[in-house]
Structures are given as C-alpha cells and as structure tokens.
Amino acid sequence: MLLLHLARQSLANRLLTTSLTVLSIALSVALLVGVENVRTGMRESFSNTVSGTDLIVGSRGGTIQLLLYAVFGMGSPVANIPHEVWKEWDEHPAVAWTIPYSLGDSHRGFRVIGTNDSFYERYRYRGGQPIAVAEGRPASGVFDLVLGAEVAARLGYGLGDRIAVTHGMSAVGFMNHDDMPFEVVGILERTLTPVDRAIYVTLEGISAIHMGWESGAPPMPGEEVDAEEVLAMDEIPVSQITSFFLGAESRALTLQLQRDISTSEEEPLTAVIPGVALAEMWRGIGYAEDGLRVISGFVVLVGILGMLVSIYTSLDARRREMAILRALGAGPRRIVSLLVLEAGMLSAFGAALGVGFVYAGLLLLQPWLEGRFGLQIPIRMLDDVQLLYVGAVVVLGFVAGLVPAVKAYRTALHDGLSVRV
Amino acid sequence: MTDEASCVQARSLTFAYPGGPTVLDIPELDVRSRERVFLYGPSGSGKTTLLGLIAGVLRPPAGTLHVLGRDVGALSSPARDRLRAAHIGYVFQMFNLIPYLNVRDNIALPVRITAERRRRLNGSVDEAVADAAAHLGIEELLDERVTRLSVGQQQRVAAARAILGAPELIVADEPTSALDMDRRHAFLELLFRNVTETGSTLLFVSHDLGLAELFDRSLSLPELNRVGA
C-alpha cells in the first residue's frame, strides 16, 4: 500500500516525463497489437474471397496463376476451355452447379467478365454470403451489363448508361468494340472482394463483341457485325470460356472430381480447391507480415529502452529521495520494489493505453479501411497472441525497472545520510 | 557490557572511508538515556561520519559501538536498517522531506515503513500525525505540499517526522543552521518539550556553540576525536 502510494505520487510528481514515457510505450504496443490485427484481418479477408466453391477449373497451368486470374482478376490464362468441355463437366453426375467465367476484355481498366445466371445464384463469399444486386437486375440480354460496386462508384456510372468494351486489358484500348454498346442494367452490392472491381456481362455478350474477330484481328471491312445483326440472331454461339467455378453434389466427391478433371485426356485442365490454394498462396506472400511483426517487435524494444532511460536519468535527481527513504528505514527490498513498481506501472499504463489506441483507431478507421482497401478488420477481444504481446511488454517493463532499481539501491546505500543538495 | 541507562557507548572507535585516511578515532563516548547532549564540531571534524555510524548507515571497522544496547558493529546491514528505522528518529540538516508527498504523508513515512515503530503509537497513524503536528504548531499545514512551506515550517515537519512513534534516540544533524536566531530557540524549545514527553534521548549536532547552554551536557568532537587533534 505504502509503495503503491509512493510510486503513484512520485510518478504524478513527474507528470511530463511520466506521460511521455507512457505515451511512447502506448504507441509501441498499439503498433504491435495493430499490426497483428491488420495481419489477421488481411488473412481473413483473403481466405474469405471465395466460399462455398469446391473447385476452380481452368486450362492446365499453375495453381496460383489459376487463382490469380479466376479469383483476383490478375494476369490471364494460357488457354481457354472449349464450351462443350465445360458443358460436359456441368452435366457430370457428381457436379451440382458451375459458374462459367469468360475473361479477356476490359472497360477503362476494369475487367469485363462473361458469365451466366449461376453467378448471381451460386457465387458465395465471406462465409457463404451471396451476391446481391443493389440496383436493377442481373444481366440476361446480350448487351446487358452489371457493374461491381467499386466500378460503379469510381466511374460514376448509373443504370441505363451505355458503355463500350475494350478488347484486351489495356486501360485505353486502341481497338474499341465501340460498335457494340452495352447498357448498364444492374449494380452489385459491395462485397469487399475482387467482385467489386469487375463488370459482368453474359457469355453471349462476350461472344458478340468478338464476332468477326475470330482471327484475333479486327474484322476486315465488310465483315463487321453490328448490334442489329447480333440482336437479330436466334442464338449466339459461345465457343469457349476461360474457367469455371464448380460445386460438387457432396463434399466427399470433391477430391475425386479434382483428380478426374486434372487427369482428363480430352482436354488439359487444372482443378484447384480454393481453400487449399488460397492457403498455399498466403504462405507465399505471408513473408511480408513476418517483416511487419519483426519491425513492431523492435518498436516495442525501443519503447521499453526509452522507459529505462527515462527512469535511469531520473535517478540522479532522485538520489536524495532514495537516501531519505533509506535513512527512514526503507530496506534494500523496498527501494528496489519501489522503482520496479514504478517501471511496471509505466509499462502497464502504456500497454493499456496502447490497446485503447488500437480499439479507438479501429472504430474510427474501420469504414475507411473497408472502403479503401477492402480490408475488414473485426473489432473483437484480443487474441492469445496479442495478449501474449501485451503481457510480455508489461513483464519487460517490470524487468527493465530492476536495472535502475539495483543501481538506485547501491547509490542510496553509498549516499547514506550524508546527502547534500 | 552496557548498562540499562546507556544509549550510545563507544570504545576505541575508529573509522576510515575505503581507501582513505582514518577520519575518526574516538577512545570513549557515552550518551546516557534521556540525556540531551549537544555535540559541537566545526565542519570537517567528522560529525556526519559519527552520526552515520551511530545511525547504522556506516559500519565501524574497529572498536566497539553500542547503540540502544545493540552492538552495531556485529549487526548486518539490514539489521542496522531495522534498528535505525524502529528506534532512531533522524532530523537532517537539509530536512530531507520527500517533495512529492504532502505534509501528512511526510510525517507518517517512518511509521508506515516500519511496523515496529507503528506499534508504539497510541492510536492510529492519522491521529498520531495530527498529534505530532499539533505539538509543533503545523496542524494547519497537514494537506499542504512540502515544497510550498517556509524553511521554518519544513524544519518542524522534519522534527514531527523524527519524533513520531517516540523513538528512543533522536539524532539531529545541524537542523537549525537554516534558521535565524529567534527561530532556532523556538524550534529547540519545541524539540525539547517533545523529547521530554516521549522520554527520548537527544543527540544534537551543530557547529553553533551558542546553542550549547540549552543542553544538559555538551561534547566537543575535536576533543573526542584524536584524528582532528
């Protein structure tokens, strides 16, 4: 009780140094805990990009590459999948549903993806949430187009706007399919996944823009196909897709299906299980987070050292105080305990304040982080790792207090009663 | 070795700081219980060293020193700390108050640190503090910060701290050097009254010979100490 009283009064007496020390520890702890929060949030956002899909299938190639173009909209496939091959798998008895993806076109830097109704019905993300249309309706006609939430927000498009789609992925296509005006019929709810950054049309829509382009070059004069002609067609042929998402009739069939698809003689395909592939990919890019962790560890070390320095330098000014306490009968243990207690209180206050900073920061920044980076960091109790960090900082604080405490005791003993101002 | 009435008894006491020359060599020193002794010594005559030995901060390397019946030379450092804390009230030259505590907490400090001294109080710590403060005329100042007090007030706080819990021996190291003549006498009167009430022994050290006549007995350190001679 006496020690606590003394420590409190003494810290209060040096309010400025005390607050600065507490602040520096608080900032270190906030960084450490915050980095851990962001790390967990990142990993969760990442692994929740797709859910409910058992397999993602594309032309034969690397797992990561398939994941990148099919899920994250980065890079492009090596080859396409013939329409009839997809259809065969779609009708396979072990397959419950598929979502076809036809990639390769863009509008002002955003990917245009050809798909069908399954996308709106079956696509799931973050723990099974379905895609929802915020305004309008899903694309069903050849020139219908649905915008991801971010595309709509960035480009300022609304329902009824007419849009040209670029062939290839450059931001300003020099070969615009501007004879094929698409119309915005729907805008999707924000999902905080790559879905927000894509534009969705029908498979037929993708085929229509490529009519006359079968050779890969613009149609020769006289061979152009215009919108009226397309609309007049009974059925628009879809010859190929890029990849498809697949739901199996039962989870148990997934592995068998994966093997069957990957070893199919008919067409070289690769099938990946999203959870497994995402985890593998995270391991690959997760080194950055270790770096972050190391840095925040050093910051904590610096914070503790700062505390050590501030206690240590204050000792000289407190020699007299220590000598008085000794003269009045405070034994070595009391003197050491007093300083260790002070250091411990500093680090405990600092740690508590730091955790407070993290929660306050999350409350303030959460909407911005979600909107800007699609990063969802849930506000919840500290996890075990974070508790361990905070505990370690407090313990380190107490231990750090031992150094000046022992020094103070020695000095006090030496000064004895003969202390002069 | 020591009779009941002896408070401080030194025989062939010598002391030297590590690596330094001998600064004290006292063949004989006796202070009896309830005596009020004035110890005169100019600066540099080893006053503070002698007080350090009596208070148990320094350990006598040679000779015998008995304080309150205990052989100080034979006690361990923590045991000397306990002896000082429990039985000796110390009034410092510079008063040595803890700047961040208020008057009440400063006065109460020794009895809060030492359970043995707390047990000798009649009543609670707060009552004892109020009582001691009343005796020294500082009862109005109990909640003040010590840094806001005048020199005379600080001196009385230091005295109240030393007498609280009625230690058997009160050692005062030039406590009046910062006071003017009138205040010195007033302060000494207060101190004497308290010492008489509690039955404590008073060892008062000063270079100011003018105070000597107020005491039962006065000793001259240069005469006691063969080093200075």
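These figures come from a predicted structure and were not determined experimentally. (Residues numbered from 1 in each chain as written. Chains lettered and ligands numbered in written order. Predicted model: local features only at pLDDT ≥ 70, side-chain atom pairs only at ≥ 80, totals over all residues.)

## A short note on the overall build of chain B
Scanning chain B from terminus to terminus reveals eight helices and nine strands. Classification of the 229 residues of chain B by burial places 48% in the buried group. Taking contacts inside chain B between residues at least 6 apart in sequence as the whole, the part at least 24 apart equals 74%. (Helix = DSSP H or I, 4+ residues; strand = E, 2+ residues; numbered from the N terminus. Buried ≥ 20, exposed ≤ 12 C-beta atoms within 10 Å, placed from the backbone. Contact = placed C-beta atoms within 7 Å.)

## Considerations on the overall build of chain A
Looking only at helices and strands, chain A has 13 helices and 14 strands in total. Per-residue burial for chain A yields a buried fraction of 40% across its 421 residues. For chain A, the share of sequence-separated contacts (at least 6 apart) that also reach a separation of at least 24 residues comes to 79%.

## Concerning the sheet that holds strand 1 (residues 6-16) of chain B
Adjacent strands of a sheet pair through backbone hydrogen bonds, lying either parallel or antiparallel. All names here are of chain B. Taken together, the four strands give an open sheet; going across it, the order is 2-1-4-5, and neighbouring strands pair in antiparallel fashion. Every other strand in the sheet has two partners, leaving strand 2 (22-32) and strand 5 (70-71) as the edge strands with one partner each. Sheet analysis places strand 1 next to strand 2, joined by nine bridges and oriented antiparallel. Along strand 2, the bridge assignment pairs A16 with T22. (Pairing = 2+ DSSP bridges.)

## Section: the packing of helix 6 (residues 151-163) of chain B against helix 7 (residues 181-198) of chain B
Residues and elements named next belong to chain B. One can describe the packing of helix 6 onto helix 7 by two numbers: an axis separation of 11 Å at closest approach and a directional angle of 15°. By the angle class used here, helix 6 and helix 7 are roughly parallel. The hand of the helix 6/helix 7 crossing is right-handed. In contact with G152, Q155, A159 and I163 of helix 6, helix 7 contributes R183, F187, L190, L191, N194 and T198. For the contact of helix 6 with helix 7, the per-class residue count stands at five nonpolar, four polar and one charged. (Axes fitted to C-alpha atoms, helices over the stretch in contact; angles between N-to-C directions. Parallel < 35°, antiparallel > 145°, perpendicular 65-115°, else oblique. Left-handed = near helix turned anticlockwise from the far one by under 90°. Nonpolar A, V, L, I, M, F, W, Y, C, P; charged D, E, K, R; others polar.)

## Some words on the nonpolar core
Counting 115 residues, the largest nonpolar core has V29 of chain A together with A160, V171 and L203 of chain B as the members making the most contacts within it. Ignoring any residue separated from it by four or fewer positions in sequence, one finds V171 of chain B in contact with L51, I54, A55, I88, Y90 and L203 of chain B. (Core = buried A, V, L, I, M, F, W, Y, C linked by C-beta atoms within 7 Å.)

## Re the interface of chain B and chain A
Each partner contributes residues to the interface: chain B has 22 residues there, and chain A has 18 residues. When residues of the side of chain B that touches chain A are traced back to their parent elements, those giving at least two are helix 1 (47-54), helix 2 (77-87) and helix 3 (103-113) of chain B. Residue composition of the side of chain B that touches chain A, grouped by class: 15 nonpolar, four polar and three charged.

## Section: the pairing of strand 11 (residues 198-202) of chain A
Residue and element names in this part refer to chain A. Of all the five residues making up strand 11, five are buried; the element is thus mostly covered by neighbouring parts of the structure. Bridging between strand 4 (residues 110-115) and strand 11 involves five bridges; their strand directions are parallel. Looking across to strand 11, one finds that R111 is bridged to A198. Pairing between strand 8 (residues 144-147) and strand 11: two bridges, direction antiparallel. Opposite L147, over in strand 11, you have I199 as the bridge partner.

## Side note on unusual backbone geometry
With phi around 45°, S12 of chain B is a residue other than glycine that occupies positive phi space. Looking at the element boundaries, S12 of chain B is found in strand 1.

## Observations concerning the sheet that holds strand 7 (residues 169-173) of chain B
Residue and element names in this part refer to chain B. Within the open sheet, the five strands sit side by side as 6-7-8-3-9. Their pairing is parallel. Of all the strands in the sheet, just strand 6 (88-91) and strand 9 (217-220) have a single pairing partner and so form its edges. Recorded for the sheet is a direction-independent mean angle of 20° between the axes of neighbouring strands. The sheet contact formed by strand 3 (residues 36-40) and strand 8 (residues 201-206) spans five bridges and is parallel. Note that in strand 8 the partner of R36 across the bridge is L202.

## Here's the deal with the environment of G61 of chain A
Mapped onto the fold, G61 of chain A is located in the loop between strand 1 (55-59) and helix 3 (63-70). With sequence-adjacent residues up to four places away left out, G61 of chain A is seen in contact with L66, P77, V78 and T270 of chain A.

## Some thoughts on the confidence of the model for chain B
Residue and element names in this part refer to chain B. Residue-level pLDDT values for chain B average 84, and 97% of them are 70 or greater. No element of chain B has a lower mean pLDDT than helix 4 (residues 115-119), which averages 82, and none a higher one than strand 3, which averages 91. Scoring the predicted complex yields pTM 0.69 and, for the interface, ipTM 0.78. (pLDDT = per-residue confidence, 0-100.)

## Some points on the packing of helix 3 of chain A against helix 10 (residues 274-285) of chain A
Residue and element names in this part refer to chain A. Orientation of helix 3 relative to helix 10, taken along the N-to-C sense of each, is 105°, at an axis distance of 10 Å. Accordingly, the angle class assigned to the pair helix 3 and helix 10 is roughly perpendicular. For the pair helix 3 and helix 10, the contacting residues are T63, I64 and L67 in the first and A277, L278, E280 and M281 in the second. Of the residues that constitute the contact of helix 3 with helix 10, the class distribution is five nonpolar, one polar and one charged.

## Points about helix 3 of chain A
Within helix 3 of chain A, the full set of buried residues consists of L66, L67, Y69 and A70 of chain A. Its buried side turned inward, helix 3 of chain A meets strand 1, strand 3 (95-107), strand 13 (243-248), strand 14 (269-272) and helix 10 of chain A.

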